[in-house]
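Take a look at the letters that make up each chain.
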Amino acid sequence: MTRRVVLIGHPVAHSLSGAMQQAACDELGIDARYELWDRKPIELADTINELREEEFLGANVTIPHKERVVPLVDRLTEDAHATGAVNTLTREGRKLIGHNTDVPGFRTALDRLVGKQKMPRHAVVLGAGGGARAVVYGLITEGFQRVVIFNRHLHRAEGLVRHFGRSASHMELRAMPWHESVIEAELAKTKVLINATAIGLTSDETPIPAELLPPDLLVLDLIYSDTRLLRDAKAAGDTVANGETMLLHQGAAAFTLWTGQPAPLDLMARKLEEARAGGIVSAEGEPAGAAAAE
Ligand code: NDP
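Below or above, wherever it landed, is the structure these notes cover.

Each value, and the rule that gives it
Residues numbered from 1 in each chain as written. Predicted model: local features only at pLDDT ≥ 70, side-chain atom pairs only at ≥ 80, totals over all residues. Heavy atoms only, no water. Helix = DSSP H or I, 4+ residues; strand = E, 2+ residues; numbered from the N terminus. Polar contact = N/O pair within 3.5 Å; in protein donor to acceptor, adjacent residues only side chain to side chain. Contact = heavy atoms within 4.5 Å. Pairing = 2+ DSSP bridges. Axes fitted to C-alpha atoms, helices over the stretch in contact; angles between N-to-C directions. Near = heavy atom within 4 Å. Areas by Shrake-Rupley, 256 points an atom, 1.4 Å probe, with all protein chains shown as cover. Nonpolar A, V, L, I, M, F, W, Y, C, P; charged D, E, K, R; others polar.

### Considering the side chain of Asn242
Within the fold, Asn242 resides in the loop between β12 (239-241) and α9 (244-259). A polar atom in the side chain of Asn242 sits 2.9 Å from the backbone nitrogen of Glu244. Filtering out sequence-adjacent residues up to four positions away, Asn242 remains in contact with Leu220, Asp221, Ile223, Tyr224, Ser225, Asp226, Leu230 and Arg276.

As structure tokens, this is what we get:
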């Protein structure tokens, strides 16, 4: 029987995940098809129930469903429970398990960015959506002592701080209003800057004017391309990385969960690069913000 793995999102028309996961299955001789399922929030509960059948190895879940799927599964792993978001589903019999492989994906990306330096303890995070949840949880569990979150809608950043209240009780986790002077003051005190907003995904915009960027920062943009933020940061003397490593490693972790096999990382990286060269910029294929509003 050809097994099925599905990506559930809205919309999902162009997906970098599809390119790398299908290639990985084919390479390892796994008889499985990676399908893109565009499902509206109202269809989500029925869609998730379909996955209980034997033909399904599991699923990826993306915008705008990562949080909505939490109450629909039978069990959550620690990363999924802690972040309140699920990006990968596996099946045990008819039971569905919710995982969050964005968390290990982020950890790998952070480790690569920091390299041989000592792991910093202070970070500024831009954004408070699903991606930011994985980032903030990754920073908390990495031992960061001060993390400041800026978001266009402050209440969402405040909600994120409340969500992590208990796991962040040993450190300072704060939401701050998006004012350039406040961001500048915080950047002067930090070593790590992470962009988890969608600014720069579909246009050449940046969340932070170039003149606000101090030198010697470590800057990670979750967007899978060389955004204006990263170009400006590089020009300012910062060390930069885009979302490639996080995307690759969240996908590799999901692949292993579904198949029990190590992921062919080099091949998956190559397929991601090809898909990007073909014009796909978003990790999940969504135009920035369009689906989240529905
Ligand atoms: P969400 O829709 O959950 O969150 C979007 C975030 O971007 C919110 O903080 C939102 O702010 C902010 N935002 C969007 N448009 C604007 C704007 N015009 N001005 C200011 N803020 C804006 O998306 P995700 O968190 O899932 O994804 C965010 C980004 O991270 C995307 O680019 C996505 O591709 C990337 N990503 C990459 C991953 C990877 O593996 N590399 C994994 C996950 C995400 P507000 O709350 O105020 O609307």
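### Thoughts on the sheet that holds strand β6 (residues 95-99)
Strand order across the open sheet formed by 6 strands is β2-β1-β3-β5-β6-β4, with mixed pairing between neighbours. The open sheet has two edge strands with one neighbour each: β2 (32-38) and β4 (75-76). Relative to β2, strand β1 (residues 3-9) runs parallel, the two being bridged by 7 bridges. Considered in β2, the bridge of Gly9 is made with Asp38. Packing against the sheet, α9 makes contact with β1, β2, β3 (56-61), β5 (88-92) and β6, and its axis sits at approximately 10 degrees to β5.

### Digging into the site of the ligand
The ligand sits among 24 residues. The nearest are Gly131, Asn151, Arg152, His153 and Arg156. Between the ligand and Ala128 there is a distance of 3.0 Å, counted from an oxygen atom to a backbone nitrogen or oxygen. Between an oxygen atom of the ligand and a main-chain N or O atom of Ala198, the distance comes to 3.1 Å. Contact with the protein chains covers 87% of the free accessible surface of the ligand, which is 910 Å². Of all the elements in the fold, those that place two or more residues in the shell around the ligand are α5 (130-142) and α9. Here the shell around the ligand is built from residues that sort into 12 nonpolar, 8 polar and 4 charged.

### What about the sheet that holds strand β7 (residues 122-126)?
Ordered in space as β9-β8-β7-β10-β11-β12, the 6 strands form an open sheet in which the pairing is parallel. On the outer flanks of this sheet lie β9 (172-177) and β12, each paired with one strand and no other. Pairs of neighbouring strands in the sheet enclose a mean axial angle of 15 degrees, with direction left out of account. In this structure, β7 lies alongside strand β10 (residues 192-195), joined through 4 bridges in parallel fashion. Its bridge partner being in β10, Val124 is matched across the sheet by Leu193. Most of the contacts of α5 go to β7, to which it runs at about 175 degrees, and overall it touches β7, β8 (146-151), β9 and β10.

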